[in-house]
Each structure stands twice: as C-alpha cells, then as structure tokens.
Amino acid sequence: MPSSLIRGKYILTAAGDAGGIATLLDAAVYQEDGLIVDVGPYQHLRARYSADAELGGPNYSIIPGLVNSHHHGRGVTTLQMGTCDDCLEMWILAGWGRRPYDHYLMTLYTALNMLESGTTTVMYNHPQTAAATLKEDVEAVLRGFLDAGMRVAFSSYLRNQNRVVYDEDGAFLSGLPTDLADDVRRYLAVSHMDDDEYFAFTDDMHREYHDHPSGKVRVLLSPANVQWNSDEFLLRVKERAASLQTGIHMHLVESPYQKDYGIRTWGMTPVEHLQELEFLGPEASFAHAVWLTERDIELLADSGATVCHNASSNLRLKNGIAPVNPMLEAGVNVAMGTDSTAINDDDDLLQEMRLVNKLHRQPGLESPAITSEQVLAMATTNAAAPTGFGDVIGRLEPGRRADMVLIRLDGLEDPYLDGDVPPVETIIGRAKSRDISSVIVDGEALIQNGQHQRISKSDVARELREQLALPVDAGTLATRRMANRLTPYVESFYRSHRPRMENPHYVYNSRN
C-alpha cells in the first residue's frame with residue numbers, strides 16, 4: 001500500500017468526553033501501509049518524508065474516522081420496506097412481515113451510505129434470521145462490509161425467551177386462538193436456535209473472522225436483551241467472552257416497558273439485575289439505555305461499560321431521550337450509533353452528531369448542556385472503545401491505523417465565518433455529508449473528491465431496485481396477515497402493563 005501525506009488547515013487529532021480536544025494548525029498526517037507514522041506541522045512532515053501521494057490542503061479539516069457504535073445494516077430502511085415508525089414493541093411486530101432481501105447488497109449499500117458521512121467503523125448487530133441460513137447470511141454481510149472497505153465489529157444476537165411480548169411465550173400463546181398460536185409457533189421455529197447451537201455458531205465466526213487477514217473484523221457475542229435472554233444464557237455469554245477475550249454487545253432498557261419488565265420480574269431494574277449476575281464490565285456495551293435510574297448510571301460508570309446512544313432511533317420509536325448528560329457527568333463511556341434508523345433514513349453519522357448536540361441542551365442558564373467536544377468523542381474515541389479496535393482507531397496519532405475524514409471548509413465558511421470559532425464547533429454545527437471530500441481507511445481513500453473509489457453506488461442501488469421490484473412472496477404476505485391478526489393481542493398485553501414514568505432526568509417545559 002502506498003504512503004501518503006494528508007494535509008489540513010485543522011487536524012483534530014483526538015477528542016475526550018471530558019471536553020478536551022487536540023487541534024493542530026496547518027498540519028499533516030503521514031501514513032505508510034495504513035499505519036500513521038507521524039503527525040505534525042505540514043512543512044516539517046513534507047520535508048521529512050517522501051510520500052507517494054498528497055491529499056487535502058489548506059482548506060480542509062481532518063478528523064478521525066467516525067465510529068457507528070450500534071447498527072443493524074439495513075441500507076434500504078425499515079420505513080422503505082413498509083414498517084412505519086411506531087412504539088418499539090409494535091414496530092418489532094410489524095417487522096415480522098418485512099420482505100426478505102439480499103444480505104450482501106443491502107450491507108454494501110448501507111456501508112457506502114455510512115462512508116459518505118465519514119463513518120469508517122461500524123458495530124454491526126445481526127438480527128436473528130432463519131437458523132438454516134444464518135451462517136450464509138452473516139458471511140454475506142461481512143463480505144459486504146469488507147468489499148466496501150469498512151471496519152466492522154460484528155455480533156449476532158439471540159433471543160431465547162419472551163419472543164412475542166415481554167412474558168413467557170407459552171403463557172401468552174395460550175391466550176390466542178389456536179390457529180393463530182400455531183402460526184406464531186411455526187414462525188418462531190424458523191429462526192430458533194438453542195443456546196448450544198448459538199455458541200457453536202459464534203465460536204465458528206470468531207475462529208474464521210476475528211483474526212481476518214484484512215485486520216478489519218472483530219467478532220463479539222450478543223444477548224439480545226435481558227428480557228429476551230435467560231440468566232443462564234447471560235452467564236454463559238459472560239464466560240465465553242472472557243474465554244475468547246472479546247466483547248459483548250446488547251440492547252438494554254430501550255423502552256419503558258423493558259424497565260417495567262425488570263421491576264415486575266426481579267423487583268429491580270434490568271441494570272441492577274445484570275449487576276447482581278456480575279455481568280457488567282468494560283467488555284460490555286449496551287445500546288440505548290434510555291430508561292436508567294441514578295443508581296443504574298452509577299453501576300454502569302463503576303463497571304466501565306459503554307452505553308451506545310441512538311438519539312434518532314429513540315425518538316422515532318417513542319422511547320424517549322437517554323440521560324446522556326448525567327451519564328457523562330458520572331463517567332460512563334457514552335458512544336454514538338444510528339441503529340439503522342437515523343433521523344433522515346440515510347445512515348448519516350454527521351447529522352446524528354448534530355442532533356445529539358442539540359438534543360442534550362437542557363433549558364436554563366445553569367442547566368447541563370453537552371459540548372461539541374463531547375459529541376465528537378462519542379463518535380470517535382468513546383465509540384472505538386467497545387469495538388475491539390479501541391487501541392488502533394479513534395485518534396490520529398502515530399501507531400494507530402490511518403482512518404480519517406477530510407472535510408472541505410469552503411461550504412462551512414462561506415460566505416463568512418469568524419476566525420474565533422473553534423474548528424470543532426464549525427464541524428459539529430455546520431458540516432454535512434456533501435462537505436466530505438475524502439474518507440480514508442487503513443490509508444486507502446475509499447472516497448476521494450466525494451466519489452466512491454472501490455464500488456459504484458449507483459450500480460448497487462440499481463441491483464437492489466431490480467430485486468425489490470419483484471412481487472412480494474406468498475410466505476411474506478402470510479406472515480403479514482398473521483402479524484395483523486396478532487396486533488390487538490399484543491397491544492392488549494402492553495396496555496395491561498403500563499410502566500411508571502415519573503421524575504425525568506430532563507425537563508424541557510412546564511405545565512404551570
């Protein structure tokens with residue numbers, strides 16, 4: 001791989017969630033074979049090294065490659081596939097009738113979208129697809145990310161209980177008409193894996209991909225969520241992750257109904273239950289974590305776990321706003337993800353950063369407000385930590401991999417920008433995907449002058465368009481009819497389990 005010198009008017013080498021940020025003026029990054037060799041003044045590095053190529057220039061800002069810490073890899077979004085935004089639990093049920101798709105093309109398309117907004121690494125969480133084709137599906141997904149050139153921290157989740165509502169499957173199905181219950185059982189059987197089968201599968205994936213020659217894959221374990229997994233399974237995951245020296249990624253208290261499940265099942269919150277199981281730890285990352293108590297936040301901070309914040313998804317699926325400011329104040333490592341439901345359905349992490357920056361600004365002069373430095377950290381250093389790549393990405397410094405984003409300043413500064421505005425404020429406050437000129441992973445410019453270099457996105461979109469133009473298959477239509485029949489029963493269950501929603505972490509207005 002050739003060497004290159006990447007120049008910027010500003011280089012934001014590292015952001016810390018405590019508010020610090022390292023910014024160099026008229027500087028450059030010199031990389032060889034995908035490894036950062038030196039970072040410093042442009043003229044000094046230009047005189048010292050003979051690079052094969054030079055990128056950037058005096059009208060660019062350079063930041064570390066962005067890390068999407070929670071994603072499910074749907075490039076053609078759930079809305080486009082027919083599932084409109086709704087309360088999470090009903091949205092999940094509506095997704096039962098989603099048409100099948102080509103996992104390779106869908107992954108390739110979402111990877112190209114993410115690259116366009118500067119995302120170079122993704123924490124991808126694979127849904128529980130048909131057991132018979134799971135390995136084939138996963139291999140297609142990983143091939144998609146690798147062909148696009150991205151890094152991926154991969155996990156495949158398992159649900160082994162409470163798969164219809166947050167209660168025992170048999171008990172819930174016994175209250176349904178017999179023919180509907182039988183249809184649901186047959187539907188669930190297609191994706192069923194027992195615990196031993198799951199661990200055999202993840203062992204195979206770890207053995208095959210964790211030390212992939214590209215150096216761009218890490219394999220993690222994934223319980224789906226505490227209400228969807230038995231305690232026995234959670235303990236086995238903890239043990240296996242330690243044995244494989246890998247991470248754990250799962251959903252946690254995404255909705256108020258999930259918190260309520262913990263209270264009525266164990267007499268404590270799901271986070272407290274995980275603490276009781278000695279499951280929490282620095283190897284664990286938790287997507288969402290919206291419905292946390294103050295005690296939950298303390299436990300997460302003390303354990304060294306990561307929370308992966310998904311602002312757009314939480315808003316779209318009626319789950320609320322995660323207490324990011326209290327978590328940051330307590331010392332929780334808070335990362336950022338899009339959950340494949342970004343605010344505009346476009347996998348745009350830059351836009352997600354701007355939303356996070358505005359969402360966590362509480363009313364009042366003395367109220368907490370997240371900083372732009374913290375937001376950048378959530379999408380770089382903080383997000384890198386749970387991926388398994390934490391020691392080689394997230395910062396622009398010698399010894400780390402050359403993953404970075406070049407942002408043109410023309411559109412950000414035109415027609416005027418005061419010279420006292422810090423570069424990080426300009427990027428978080430104004431940068432859009434259209435301002436990204438180059439995206440570099442392992443020293444390779446996957447996007448240059450705004451254009452994909454490896455793969456034609458238009459060709460991928462055309463293939464998807466042709467496949468999805470075919471009639472919906474009879475099996476999918478039957479599943480949709482079953483889900484529609486099931487809907488009132490599921491709604492009735494959740495209406496009978498109304499969660500308490502009091503004493504919010506954030507207050508945005510007042511009735512009086």
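Our subject is the structure listed above.
Residues numbered from 1 in each chain as written. Predicted model: local features only at pLDDT ≥ 70, side-chain atom pairs only at ≥ 80, totals over all residues. Heavy atoms only, no water.

Some points on the pairing of strand β6 (residues 66–71)
So, point 1. Counting buried residues along β6, 6 of its 6 residues qualify, which places the element largely inside the surrounding structure.
So, point 2. As defined by bridge partners, β6 adjoins strand β7 (residues 119–126) across 4 bridges and the pair is classed as parallel. When the sheet's bridge partners are listed, V67 is paired in β7 with T121. (Buried < 20%, exposed > 50% of the residue type's maximum accessible area, 1.4 Å probe, protein only. Helix = DSSP H or I, 4+ residues; strand = E, 2+ residues; numbered from the N terminus. Pairing = 2+ DSSP bridges.)

Quick look at the pattern of salt bridges
So, point 1. Summed over the entire model, instances satisfying the criterion amount to 27 salt bridges.
So, point 2. The salt bridge partner of K135 is E139, with a shortest N-O separation of 2.5 Å. With K135 and E139 both in helix α4 (residues 134–148), this residue pair falls 4 residues apart, about one helical turn.
So, point 3. Classification of K135 as partly exposed rests on a relative accessible area of 34%. (Salt bridge = Lys/Arg side-chain N within 4 Å of Asp/Glu carboxyl O.)

A look at the sheet that holds strand β13 (residues 306–309)
So, point 1. Judged by pairing direction, the sheet is parallel, and its 4 strands sit side by side in the order β11-β12-β13-β14 without closing on themselves. The outermost strands of the open sheet, each flanked by one partner alone, are β11 (248–252) and β14 (333–336). Here the average twist between neighbouring strands, direction ignored, is 30°.
So, point 2. Where strand β12 (residues 284–288) meets β13, 3 bridges bridge the pair, whose relative direction is parallel. By the bridge assignment, F286 is partnered in β13 with V307. (Axes fitted to C-alpha atoms, helices over the stretch in contact; angles between N-to-C directions.)

A look at the packing of helix α14 (residues 349–359) against helix α18 (residues 423–430)
So, point 1. Packing of α14 against α18 leaves a shortest axis separation of 7 Å and a crossing angle of 105°. The angle between α14 and α18 places the two elements in the roughly perpendicular class. Contacts between α14 and α18 involve M353, R354 and N357 from the former and I427, I428, G429 and R430 from the latter.
So, point 2. Its residues assigned to classes, the contact of α14 with α18 shows 3 nonpolar, 2 polar and 2 charged. (Parallel < 35°, antiparallel > 145°, perpendicular 65-115°, else oblique. Contact = heavy atoms within 4.5 Å. Nonpolar A, V, L, I, M, F, W, Y, C, P; charged D, E, K, R; others polar.)

Let's talk about the nonpolar core
So, point 1. Among the nonpolar cores identified, the biggest contains 101 residues, and F145, F279, F286, L300, V324, M327 and M353 are the most heavily contacted of them.
So, point 2. With 9 residues, the single largest contributor to this core is helix α3 (residues 103–116). (Core = buried A, V, L, I, M, F, W, Y, C linked by side-chain atoms within 4.5 Å.)

Digging into helix α8 (residues 231–244)
An α-helix turns once per 3.6 residues; consequently, residues spaced three or four apart project the same way.
So, point 1. With 14 residues, α8 extends 20 Å from end C-alpha to end C-alpha; this agrees with the ideal 20 Å at 1.5 Å per step.
So, point 2. For α8, the set of buried residues is F233, L234, V237, K238 and A241. The arc enclosing the buried residues of α8, seen along the axis, measures out at 140°, which places them on a common side. α8 presents E232, E239, A242 and S243 as exposed residues on the side facing more than 90 degrees away from its buried surface.
So, point 3. Along its buried surface, α8 packs onto β8 (151–158), α7 (195–209), β10 (222–223), β11 and α10 (270–276).
So, point 4. Looking one or two places after α8, you find Q245, whose phi comes out positive at around 55°. (Expected span 1.5 Å × (residues − 1). Arc of directions from axis to C-beta.)

Digging into the packing of helix α6 (residues 178–191) against helix α20 (residues 474–495)
When two helices pack together, their arrangement is given by the angle between the helix axes and the distance between those axes.
So, point 1. With their axes 10 Å apart at the nearest point, α6 and α20 run at an angle of 120° to one another. Comparing the axis directions of α6 and α20 gives the class oblique. The chirality of how α6 crosses α20 is left-handed. Counting all contacts with α6, which are made through D179, L180, D183, V184 and Y187, the residues of α20 involved are T479, M482, R485, L486 and Y489. (Left-handed = near helix turned anticlockwise from the far one by under 90°.)

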